[in-house]
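What follows is each chain in one-letter form.
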Amino acid sequence: MRHQSNAPNQPAADRQSMRYANGRTKRIFDLGTGVVLSIVTAPIILLLAVGSAVSFRAWPLFVQDRLGRGGRSFTFIKVRSLPTSTPPGADKYVIAHATNNRWGRIIRGSHLDELPQFWLVVTGRMSLVGPRPEMPTLAATFDAAFVAERLTVRPGITGPWQVSIASKGLIGEAPGFDRLYLAHAGPRLDAWIMFRTIGTFVGLRPLPLERFPNWIVNHPALHGTPAANADVLRDWQSGEVN
């Protein structure tokens, strides 16, 4: 089944946003922060790996092909949080009904299994903030134009979709979040997303698209009334904003 957006016309990514997302300033920040976080989290990853090895009686690191910038595949890595009986290409709906143990539920629910991705930020395969990298097989079920849009930048460990209520489903079911990032990537948006990501550990709840604050984006229509903002955001979701 192909997950289609509601309109055939896709919004073009803003040139200024693309220069930032693929530029030197963001890469320098990613590299410096990625190195520090890779070192700081190394003991935690080691403990998690031991826990997963004992809990699942399997190799503690899970690797998988994901799509990166330009559509190039790269090896995506996590601490194992699912038993080996889980199909490697399972989506969230399949995983939600799969059998798991307490250890897997804890590290998966807390996102601690994602910590090795700081290594991928250092190597340049990923960014701290950006669209979530997707499996090629699952991306093939999404709208082709939307997939092509999100492959214009490095994928991120976190992003608008990850801090939204839509993260309970599939990326292709809520394209407005990635489109917002492609149109407005910049230091303000990145800082807000990282703040929201850290905030999830202290109780901040995921947000719907219409509750994202106006100041993180540059679109002039989003500095009007809340009702007008909601209309523009719905257009992003359907792909009608250019």
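Structure: see above.
Every value quoted in this text rests on a predicted model; they were computed, and no experiment measured them.

(A) Seen up close, the overall build of the chain. Secondary structure assignment for the chain yields 10 helices and four strands. For the chain, the N- to C-terminal ordering of α and β elements is α-α-β-β-α-α-α-β-α-α-β-α-α-α. Burial analysis of the chain (242 residues in total) assigns 52% to the buried set. Here the analysis covers contacts within the chain between residues at least 6 apart in sequence; of these, 73% occur between residues at least 24 apart.

(B) Quick peek at the environment of Gly124. Tracing the sequence through the fold places Gly124 in the loop between α5 (117-123) and β3 (127-129). In this structure, the C-alpha to C-alpha distance between Gly124 and Arg27, residues 97 residues apart in sequence, is 8.0 Å. Those residues within four positions of Gly124 in sequence are excluded, and the remaining contacts are Arg27 and Arg154.

(C) Examining unusual backbone geometry more closely. In this model, Arg57 sits at a positive phi of 50°, which is unusual for a non-glycine residue. With respect to the helices and strands, the residue Arg57 is situated in the loop between α2 (24-56) and β1 (61-67). With a relative accessible area of 77%, Arg57 lands in the exposed category. Positive phi is not limited to glycine here, since His111 has a value of about 65°. Here His111 shows up in the loop between α4 (102-109) and α5.

(D) Local environment of the packing of aromatic side chains. With the rule as written, the count across this model stands at two aromatic pairs. Aromatic pair Phe177 and Phe212: ring centres 5.7 Å apart, planes at 55°, arrangement tilted. You can see Phe177 sitting in helix α8 (residues 176-184) and its partner Phe212 sitting in the loop between α9 (187-199) and α10 (226-238), a full 35 residues away along the chain. Classification of Phe177 by relative accessible area gives buried; the value is 4%. Their ring planes at 55° and their centres at 4.8 Å tell us that Trp192 and Phe212 sit as a pair that is tilted. In this pair, Trp192 is assigned in helix α9 and Phe212 in the loop between α9 and α10, connecting sequence segments 20 residues apart. A single burial state applies to Trp192 and to Phe212, both of which are buried. A network of ring pairs unites the aromatic residues Phe177, Trp192 and Phe212 as a single cluster. Arg66 extends its terminal NZ or CZ atom over the ring of Phe76, reaching a point 4.1 Å from the ring centre.

Cut-offs applied
- Residues numbered from 1 in each chain as written.
- Predicted model: local features only at pLDDT ≥ 70, side-chain atom pairs only at ≥ 80, totals over all residues.
- Heavy atoms only, no water.
- Helix = DSSP H or I, 4+ residues; strand = E, 2+ residues; numbered from the N terminus.
- Buried < 20%, exposed > 50% of the residue type's maximum accessible area, 1.4 Å probe, protein only.
- Contact = heavy atoms within 4.5 Å.
- Phe/Tyr/Trp six-rings, centres within 6.5 Å; stacked < 30°, edge-to-face > 60°.
- Lys NZ or Arg CZ within 6 Å of the ring centre and 35° of its normal.

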